[in-house]
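Observations on chain architecture
Chain by chain, the residues run as shown.
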Amino acid sequence: MGTTFLKYALSCTFILYFFGFNAGALDVFSVFRKECGKKPSIAIIGAGIGGTSCAYFLTELFGKDVYIDIFEAEEVGGRLKSQYIGGIEVELGGAVIHPRNKYMKSFVKKFGLEVELVHPGRAGIYNGKEFIFLESGWSFIDYFRMIYRYGLVNSFHFFKDIEYMLDKFERVYNTLEKGYGFRSAEKMLEYMHRSFPGMRNVTIEEAFRKQFGDLMYEEIILPIMRVNYGQGGNLHQFVGSVSLAGAMPGLWSVKGGNRRVAEELLKASSALIMRSPVYQINYNVFDQKYTLSFPQLMEGNFPQSEDYDVVVVAAPITEDSEFPIEFGPSILTDYYKPRPYHTTHVTIIEGKLNYTVFNCSVDPPPTEIFTPNSNLMFNSLTRLTKDDDKFELWKIFSSERLNPYDLELYFGEDFEVRLEKVWEAYPEYEVPTLIEDSFFIQHNLYYLNAVEWAASAMEMSVLSAKNIAVIIHKFWQRSNDYGWFCYFCKGPENFWRKY
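By the naming in an unreviewed UniProt entry, the chain goes by Prenylcysteine lyase domain-containing protein and is assigned to Laodelphax striatellus. In the Sequence similarities (unreviewed entry) part of its UniProt record, the chain is described as follows: "Belongs to the prenylcysteine oxidase family." For the chain, the Cofactor (unreviewed entry) comment in UniProt is given as "FAD".

Structure representation (structure tokens):
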């Protein structure tokens, strides 16, 4: 009897140490007291690509033995949003998918969605005075011009280093499929490669100037960062490397809009969509449940609340969120205070671009214009229509709202603003990284978007969703099997990935 009691006491002590500050004793012991065979009730807040893929993975793991509600105040897809303008499906958020994004590729294949290669136009790099690099439209010619301008070694490493990073990145897929989880984005990166966490404490200016030379950094790398993340040399090296991967050939998108992936994931899951924001989360320490409060779902109803065993926050916790969530006093949020996200303005213009402003007389002119110059009114200008179309439609990314004077300068008097969209698009990255971005807020309360502080991308959100689904499933499986009691103490049974 004494030996058995000691064994259980040591197990509990280890678990308390393992969870650290993120879980109190009541949270940990609740694992042992769940009813055998009880279906977990899970709330997911946010129906973007992260939230919908989390619902899908949970359904895969639990089958019918789970209740899932997914709350969404706006449209399914979140920052995957597109709209038909002038007969063209225009991506306003996440626009391209990398050919080595395994989960996104598998979703498209499973749901029978059609894809189309993203054919880049003729790109030009504009420094505010002139075009310093213009593509010819012939890839082999442009590659040799790149070698001539930036050097053979720098050009070779530019592509080689990105491939090396993608190779290491792919290690995480098999690990997640085997049922191992990661406590934080930091640990996930460390498993990909031991050097990746350290990349978050080095700016791209410091790393890439040294790695590729001043000229390539200023003329190629900075423009890529500005179009992908709206930020410059202050980005950390890991997110900068992800950004460079997003500029490689072979990118594709989903016909009808990338948001269709999120819509199909929701349909394929067992989740019930709740068309409402969540404005408060409270934790009851006595029954170990989370109470979500949300506005009335139908006219005439009072504000409502619902209890859940598990909650996944799959929306950014930002400083100026349109739908802020208040965490109750029993929730430990010291490390999850709202953090700043970068504002990106997307403007769709119908009009003829005035190339004389760019001192450009080449024929044909560039159809994609990027810049390293943060003083210009745009981060990128991309023509959406073809050369032989009767009208020109342009997508502009900028850090601020475009004023009429700027638009008249670039498009003359005959233009029309077809659409404006403002996004809290991605984190305002900082160096050094001050905290480990844990997927746990506390026991049974998870933060999916913690991964965005490593890098904000569709596939990163899906990886985080899979990781959290694996952790929830493992915890719940073992809490309903009293034979597991000391499994956390056994190396082979420990579902945290060891490295």
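**Concerning the pattern of salt bridges**
Applying the stated criterion across every chain, the model contains 24 salt bridges. In this structure, Glu 263 engages Arg 259 in a salt bridge whose closest nitrogen and oxygen atoms are separated by 3.4 Å. You can see Glu 263 and its partner Arg 259 sitting in helix α13 (residues 259-268), four residues apart, about one turn around the helix. The exposure class assigned to Glu 263 is partly exposed, which follows from its relative accessible area of 28%. A salt bridge links Glu 350 to Arg 418; its shortest N-O distance comes to 2.6 Å.

**Points about a nonpolar patch on the surface**
On the surface, Trp 138, Phe 140, Ile 141 and Phe 144 cluster together into a nonpolar patch covering about 480 Å² of accessible area. Mapping Phe 140 onto the fold places it in helix α5 (residues 139-150).

**Concerning the nonpolar core**
The tendency in soluble globular proteins is for nonpolar side chains to be buried as a group. One finds Ile 44, Phe 107, Phe 158, Phe 238, Ile 281, Leu 292 and Val 311 to be the most contacted residues of the largest nonpolar core, which totals 126 residues. At eleven residues, the largest contribution of residues to this core is made by helix α15 (residues 458-479). Apart from residues lying up to four places away in sequence, Val 311 is in contact with Ala 43, Ile 45, Ile 281, Tyr 290, Leu 292, Asn 444, Leu 445 and Tyr 446.

**Re the packing of aromatic side chains**
Given two aromatic rings, their pairing is described by the distance between the two centres and the angle made by the two planes. Summed over all chains, the structure comprises 34 aromatic pairs. For the pair Phe 208 and Phe 212, a centre-to-centre distance of 5.6 Å together with 50 degrees between the ring planes defines the contact as tilted. Residue Phe 208 and its partner Phe 212 are located together in helix α10 (residues 204-212), separated by four residues, close to a single helical turn. Overall, the relative accessible area of 2% leaves Phe 208 in the buried class. Following the ring pairs from residue to residue traces out a cluster consisting of Tyr 56, Phe 57, Tyr 103, Phe 107, Phe 111, Phe 169 and Tyr 173. A cation over a ring is seen here: Arg 145 above Phe 133, with NZ or CZ 5.5 Å from the ring centre. If you follow Arg 171 out to its NZ or CZ, it ends over the ring of Tyr 191, 4.4 Å from the centre.

**Remarks on the sheet that holds strand β21 (residues 445-447)**
An order of β9-β2-β1-β13-β21-β20 is seen for the six strands of this open sheet, with the pairing classed as mixed. Strands at the two margins of the open sheet, each flanked by one partner only, are β9 (272-274) and β20 (440-442). Recorded for the sheet is a direction-independent mean angle of 20 degrees between the axes of neighbouring strands. For strand β1 (residues 41-45) and strand β2 (residues 67-71), the ladder comprises five bridges, and the chain directions are parallel. Each bridged residue has a counterpart across the sheet, and for Ser 41 the counterpart in β2 is Tyr 67. Packed on one face of the sheet, helix α3 (residues 49-62) meets β1, β2 and β13 (310-313) and runs near 160 degrees to β1.

**Digging into the sheet that holds strand β6 (residues 123-126)**
What the seven strands build is an open sheet, ordered β7-β6-β16-β17-β18-β15-β19; its pairing is mixed. Looking at strand neighbours, the two that pair on one side only are β7 (131-134) and β19 (415-427), the edges of this open sheet. Each adjacent strand pair in this sheet contributes to an overall mean axis angle of 20 degrees, direction not counted. Sheet analysis places strand β15 (residues 341-351) next to strand β18 (residues 393-398), joined by six bridges and oriented antiparallel. Its bridge partner lying in β18, Val 346 is registered against Phe 397.

Criteria and thresholds
Numbers given for residues are sequential positions, taken from 1 along each chain in its written order. Only residues with pLDDT of at least 70 get local features here, since the model is predicted, and only at 80 or more are side-chain atom pairs given and counted; chain-wide, interface and lining totals rely on the full set of residues. To obtain the side-chain values, all non-hydrogen atoms of the structure were included, while hydrogens and water were left out. UniProt positions are given in the numbering used here, feature names are shortened, and annotations may be inferred rather than shown by experiment. The term salt bridge refers to a side-chain nitrogen of Lys or Arg lying within 4 Å of a carboxyl oxygen of Asp or Glu. Helix and strand definitions follow DSSP, with helices as H or I runs of at least four residues and strands as E runs of at least two, each counted in order from the N terminus. To sort residues, take the accessible area from a 1.4 Å probe on protein chains only and compare it with the maximum for the residue type: under 20% means buried, over 50% means exposed, and anything in between is partly exposed. Exposure above 30% relative accessible area and the lack of any salt bridge qualify a residue for a patch; like charges then connect within 9 Å, and the nonpolar side chains Val, Leu, Ile, Met, Phe, Trp and Tyr within 5 Å. Values of accessible area rely on a 1.4 Å probe in the Shrake-Rupley scheme; residue burial ignores everything except the protein chains shown. Only buried residues count toward a nonpolar core, which is a set of Ala, Val, Leu, Ile, Met, Phe, Trp, Tyr and Cys residues joined through side-chain atoms within 4.5 Å. Should any heavy atoms of two residues lie within 4.5 Å, those residues are counted as being in contact. Centre distance within 6.5 Å is the pairing criterion for rings of Phe, Tyr and Trp, where only the six-membered ring of Trp is used; planes under 30 degrees apart are then read as stacked, over 60 as edge-to-face, and the remainder as tilted. Geometrically, a lysine NZ or arginine CZ counts as sitting over a ring once it is within 6 Å of the ring centre and also within 35 degrees of the ring normal. Note on pairing: DSSP must find at least two bridges between two strands before they are called paired. The convention used is that axes are lines fitted to C-alpha atoms, helices contributing only their stretch in contact, and that angles between N-to-C directions extend from 0 to 180 degrees.

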